[in-house]
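Chain residues, written in single-letter form:
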Amino acid sequence: MAAAARVRCHCNALFTSHRNSSTLPISPSRVGFTALKCPRKFLLSIGDGSSSCTRNVSGSCLKGTVRAVMEEEKTDVIKEREGDEKRFTCVMKFGGSSVATAERMREVAVLILAFPEESPVIVLSAMGKTTNNLLLAGEKAVSCGVSNASEIEELSVIKELHLRTVKELKIDPSVVTSFLEELEQLLKGIAMMKELTLRTRDYLVSFGECLSTRIFAAYLNKIGVKARQYDAFEIGFITTDDFTNGDILEATYPAVAKRLYDDWMHDPAIPIVTGFLGKGWKTGAITTLGRGGSDLTATTIGKALGLQEIQVWKDVDGVLTCDPTIYKRATPVPFLTFDEAAELAYFGAQVLHPQSMRPAREGEIPVRVKNSYNPKAPGTIITKTRDMTKTVLTSIVLKRNVTMLDIASTRMLGQVGFLAKVFSIFEDLEISVDVVATSEELDHVVEELEKIAVVNLSKGRAIISLIGNVQHSSLILERAFHVLWTKGINVQMISQGASKVNISLIVNDDEAEGCVEALHKSFFESGDLSELLIQPRLGNGSPLRTMQVEN
Ligand SMILES: Nc1ncnc2c1ncn2[C@@H]1O[C@H](COP(=O)(O)OP(=O)(O)O)[C@@H](O)[C@H]1O
Ligand SMILES: N[C@@H](CC(=O)OP(=O)(O)O)C(=O)O
C-alpha cells in the first residue's frame, strides 16, 4: 500500500525532492537499430564440431545468417571482429518476458549478434514469471509441511520450465539440475523452519536469475559465441543489508569495472550477469534490489564501465503515454529526460525500476528502452536534457491502493515546528510519503501524529501523476480539471513535484482507470494541445509553485 499525506496548517507540503532540470536540446542518439544495416564485413565460422566452413557476411545480413544457422540447430557460430579493438560499448538488459522460453532466448541471442559494432555486457532477469513463482513457492512452504514441500505446484512449474528450456536449446542439463535440487532443499528447509525471513526470501528468489544466466551463457557458448556467466553478488555488487530492497553502495562501481575488465583482458567473452542481485556489505548474504531491479543492475554496470549506452529490452515499444494494460491506446514516448523517467518510475510505472535512473544520470549515459518482441520500433531514449518547448504532457501514471492521511494541526506547535515534527515522525518510522508503507506501519504513524494533530486516514485512493512540462502547469491543470469535472470526478488533493515534471492528483481508486482513459484521450488523442501552445495564455510563464485542493 502506498501513502499520500496532506498537511493542513498555513502552507502546503511537497512530497518529492528538489531536482534541477534544464531544457537544452537532446543530443542525437549514438546507436540504434540502424546498426543492423552496418555495412561492415564479418567472418562467420560455422561448424558442427567435426567440420566447419567460413562465410564472409556483411553487417546487414549477419542477423539473417545467424538466425538461419540457429534455426537449423546443428552448427556452431563464431563471430570474429575484423581489426578494431574490442571494448565494452553498451549494456543490454533483457527482462523476464524477453527470456521467458527457449525460443525467446534464441531471439535474444540473435538480437545481441545483430549489433555487430557493439561489444555488450548482458544483464538478464529470471525467465518469465519465475520470481513470482519462487515467492509463491516460499510462502506455501511455510505452512505445507516438510513432506509436501517437493510437491509445491510452483516448484514443479519452475523445474519443468528450466528443464524444458535446456532440452530445447540442446545444452547440458547439468547447468540447471544442481540448482533445481538445491532449490527443493531450500523449500524443505523453509517448511521445516515454518518461516520465511526477508533474508531467506532474497536467497530464494536469486535462483531465478542464477538459472536464466547459466542457461543463456551455455547456449551462447554452444553456438560458438564465447560467453561467461557472472553472479552479480560475486563480482562486486555490494548493497546495504536491506533484504528485498538493497541499495547499491559506491564500492560497487570500481569493483565491478575491475572484475569485468580484468576477465576480458585475460580471456575475452561476453559477460552474462544476473540482474536484481547483490551482496549485503555486513552480512555477506545475497540481497535483491527490489522488484524489477535488473534495470538498476544494468544502469549500475553502465556507469561502472562508462559505457556509451544502456539498453533495457522489454515487451513494450518503449515508455508509453500510459500503462497499456490500463488503456490500450497508449503510444510510445520517443524522448524522456532522466527526471521524467525517474518520476514516472517513482510514481508507479512498472516499466522502469524507481532507482534505475540514478546511475545513468550520474554517469550521463543515455538509456534506451526497446521492445525485444519488436526490435525495429525506435523505442524511448532517456537523456539528461531534451527540447521541452513543444512538450505539454509526456505520460500519465497511475498508482493504486494509496492511503491518504489528512493531518490538521492542533496548534500546539507553531507552523514550522509542526511541519518539522510531522516529517520527523515519518522519518523515524522510515516511511517515505508516496512510497510503499504497510498498514501496520501506518498505524504507528497515525498513533504518533495524533499526539500533535487531528489525523484522518482515507483508504482506497489512487494517485494519478501527470508527467510533463510543468512550465505549462496552468494549461495542464485547466485541461485535467475540465476532463475530470466533465466526468463528475472530485479531485481530493493535488501536489506538484519540485522536479518540475510532475503534477499529482488524488482520486478514488475505483474511479481512477476511467480518469486515466479520459485524460489520455484529451491530452494525447485530441491533437489540439500544440495549437494552444502557439497562442499561450500563460501570463509570465512561471510554473505553479504549490497548491492544494480539498473537496
Ligand atoms: N508508461 C508505461 N510504458 C510502458 N510500459 C508500462 C508503462 N506503465 C506500466 N507499464 C508496464 O510495464 C511492463 C514492462 O515492464 P516489466 O514487466 O518490468 O518489463 P521487463 O520484465 O521486460 O523488464 C509493460 O508490459 C507494461 O504493462
Ligand atoms: N526477476 C526480478 C527482477 C527483474 O528485474 O525482473 P523484470 O526485468 O522481469 O522486471 C523481478 O521479477 O522483479
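Residues numbered from 1 in each chain as written. Chains lettered and ligands numbered in written order. Predicted model: local features only at pLDDT ≥ 70, side-chain atom pairs only at ≥ 80, totals over all residues. Heavy atoms only, no water.

## With respect to the packing of helix H4 (residues 153-169) against helix H5 (residues 174-193)
Thinking step 1. Where H4 contacts H5, the axes come no closer than 11 Å and their chain directions differ by 175°. Classified by the angle between their axes, H4 and H5 sit roughly antiparallel to one another. Of the residues in H5, those touching H4 at Leu-155, Ile-158, Lys-159, His-162, Leu-163 and Val-166 are Val-176, Thr-177, Leu-180, Leu-183, Glu-184 and Leu-187. (Axes fitted to C-alpha atoms, helices over the stretch in contact; angles between N-to-C directions. Helix = DSSP H or I, 4+ residues; strand = E, 2+ residues; numbered from the N terminus. Parallel < 35°, antiparallel > 145°, perpendicular 65-115°, else oblique. Contact = heavy atoms within 4.5 Å.)

## A closer look at a nonpolar patch on the surface
Thinking step 1. A cluster of nonpolar side chains, contributed by Val-146, Met-192 and Met-193, occupies part of the molecular surface with about 310 Å² of accessible area.
Thinking step 2. Structurally, the position occupied by Met-192 is in helix H5.
Thinking step 3. With relative accessibility at 57%, the residue Met-192 sits in the exposed group. (Patch = residues over 30% accessible without salt bridge, like charges linked within 9 Å, V, L, I, M, F, W, Y side chains within 5 Å. Areas by Shrake-Rupley, 256 points an atom, 1.4 Å probe, with all protein chains shown as cover. Salt bridge = Lys/Arg side-chain N within 4 Å of Asp/Glu carboxyl O. Buried < 20%, exposed > 50% of the residue type's maximum accessible area, 1.4 Å probe, protein only.)

## Re the side chain of Asp-509
Thinking step 1. With respect to the helices and strands, Asp-509 occurs in helix H14 (residues 509-525).
Thinking step 2. Judged by its relative accessible area of 13%, Asp-509 is buried.
Thinking step 3. Leaving out residues up to four positions away in the same chain, Asp-509 has contacts with Arg-400, Asn-401, Gly-460, Arg-461 and Ala-462.

## Overview of the nonpolar core
Thinking step 1. Leu-260, Ile-301, Leu-352, Ile-382, Ile-464, Leu-466 and Leu-519 are the most contacted members of the largest nonpolar core, which totals 83 residues.
Thinking step 2. Grouped together as the second largest cluster of nonpolar side chains are 55 residues, Val-99, Ala-109, Phe-233 and Ile-272 included. (Core = buried A, V, L, I, M, F, W, Y, C linked by side-chain atoms within 4.5 Å.)

## Here we look at the pairing of strand E19 (residues 502-508)
Thinking step 1. Where burial is concerned, most of E19 is hidden: 6 out of the 7 residues are buried.
Thinking step 2. Here strand E18 (residues 493-496) pairs with E19 via 4 bridges, running antiparallel. From the neighbouring strand, Met-493 faces E19, where its bridge partner is Ile-506. (Pairing = 2+ DSSP bridges.)

## Some points on the site of ligand 1
Thinking step 1. Taken together, 17 residues are adjacent to ligand 1, and Lys-93, Lys-314, Asp-315, Leu-320 and Gln-350 come closest.
Thinking step 2. Here an oxygen atom of ligand 1 and a side-chain polar atom of Lys-314 are 3.0 Å apart.
Thinking step 3. A distance of 3.3 Å is found between an oxygen atom of ligand 1 and a side-chain nitrogen or oxygen belonging to Asp-323.
Thinking step 4. Within the complex, 88% of the 570 Å² of free accessible area of ligand 1 lies under protein.
Thinking step 5. Split by residue class, the shell around ligand 1 holds 7 nonpolar, 6 polar and 4 charged. (Near = heavy atom within 4 Å. Polar contact = N/O pair within 3.5 Å; in protein donor to acceptor, adjacent residues only side chain to side chain. Nonpolar A, V, L, I, M, F, W, Y, C, P; charged D, E, K, R; others polar.)

## So, the sheet that holds strand E11 (residues 286-288)
Thinking step 1. The 3 strands are arranged E8-E10-E11 in an open sheet whose pairing can be described as mixed. On the outer flanks of this sheet lie strand E8 (238-239) and E11, each paired with one strand and no other.
Thinking step 2. Sheet topology note: the strand E10 (residues 277-280)/E11 ladder contains 3 bridges and is antiparallel. Residue pairing for E11: Lys-279 is matched across the bridge by Ile-286.

## Some words on the environment of Ile-248
Thinking step 1. One can find Ile-248 in the loop between E8 and helix H7 (252-266).
Thinking step 2. Relative accessible area serves as the criterion here: at 10%, Ile-248 is assigned to the buried category.
Thinking step 3. Spatially, the C-alpha atom of Ile-248 lies 9.7 Å from that of Gln-355, the residues being 107 residues apart in sequence.
Thinking step 4. Contact partners of Ile-248, with chain neighbours within four places excluded, come to Phe-237, Ile-238, Thr-239, Leu-289, Leu-296, Thr-300 and Arg-358.

## Digging into the confidence of the model for the chain
Parts of the prediction with low pLDDT should not have their coordinates interpreted in detail.
Thinking step 1. In the predicted model, the chain carries a mean pLDDT of 81, and the fraction of residues at 70 or more is 77%.
Thinking step 2. In this model, residues 7-85 is a region of pLDDT below 50 whose contacts with residues beyond four sequence positions or in other chains number 189 contacts.
Thinking step 3. Within the model, the stretch residues 538-551 combines pLDDT values under 50 with 37 contacts to residues more than four positions away or in other chains.
Thinking step 4. Overall fold confidence (pTM) sits at 0.82, and the ipTM for the predicted complex is 0.98. (pLDDT = per-residue confidence, 0-100.)

## Quick look at the site of ligand 2
Thinking step 1. Taken together, Lys-93, Gly-95, Gly-96, Ser-125, Ala-126, Thr-131, Glu-209, Phe-276, Arg-291, Gly-292, Gly-293 and Ser-294 make up all the residues around ligand 2.
Thinking step 2. For ligand 2, an oxygen atom lies 2.7 Å from a polar atom in the side chain of Ser-125.
Thinking step 3. Protein chains shield 84% of the accessible area of ligand 2, which is 330 Å² for the free molecule.
Thinking step 4. Here the shell around ligand 2 is composed, by residue class, of 2 nonpolar, 7 polar and 3 charged.

## What about the packing of aromatic side chains?
Thinking step 1. Under the defined criterion, the tally for this structure stands at 7 aromatic pairs.
Thinking step 2. On the numbers, 6.2 Å between centres and 80° between planes, the contact of Phe-115 with Trp-313 is edge-to-face. Taken together, the residues Phe-115 in the loop between helix H2 (102-113) and strand E6 (120-124) and Trp-313 in strand E12 (residues 309-314) connect sequence positions 198 residues apart. An identical accessibility class is assigned to Phe-115 and Trp-313; each is buried.
Thinking step 3. Between Tyr-346 and Phe-347 the ring centres are 5.2 Å apart and the planes differ by 75°, which places this aromatic pair in the edge-to-face class.
Thinking step 4. Given the relative accessible area of 22%, Tyr-346 is considered partly exposed.
Thinking step 5. Residue Phe-347 is classed as buried on the basis of its relative accessible area, which comes to 2%.
Thinking step 6. Among the aromatic side chains, those forming a connected cluster through ring pairs are Phe-88, Tyr-261 and Trp-264.
Thinking step 7. The residue whose ring lies beneath Arg-104 is Tyr-373, and the NZ or CZ to ring-centre distance is 3.8 Å.
Thinking step 8. Cation over ring: Lys-303 sits above Tyr-253, and NZ or CZ is 4.0 Å from the ring centre. (Phe/Tyr/Trp six-rings, centres within 6.5 Å; stacked < 30°, edge-to-face > 60°. Lys NZ or Arg CZ within 6 Å of the ring centre and 35° of its normal.)

## Section: a negative patch on the surface
Thinking step 1. Taken together, the side chains of Asp-242, Glu-427, Asp-428 and Glu-430 define an acidic patch exposed on the protein surface.
Thinking step 2. Secondary-structure assignment places Glu-430 in the loop between helix H11 (415-428) and helix H12 (439-449). (Lys, Arg positive; Asp, Glu negative; His and termini not counted. Charge placed at Lys NZ, Arg CZ, Asp CG, Glu CD.)

## Notes on the pairing of strand E9 (residues 270-274)
Thinking step 1. Most of E9 sits out of view: 5 of its 5 residues are buried.
Thinking step 2. On E9, burial covers both faces: Ile-270, Ile-272 and Thr-274 on one face and Pro-271 and Val-273 on the other are all buried.
Thinking step 3. When E6 meets E9, the two strands line up parallel, connected through 3 bridges. Opposite Ile-122, over in E9, you have Ile-272 as the bridge partner.
Thinking step 4. Looking at chain direction, strand E7 (residues 227-230) and E9 are connected through 4 bridges and run parallel. Counterpart to Tyr-230 in the pairing with E9 is Val-273.

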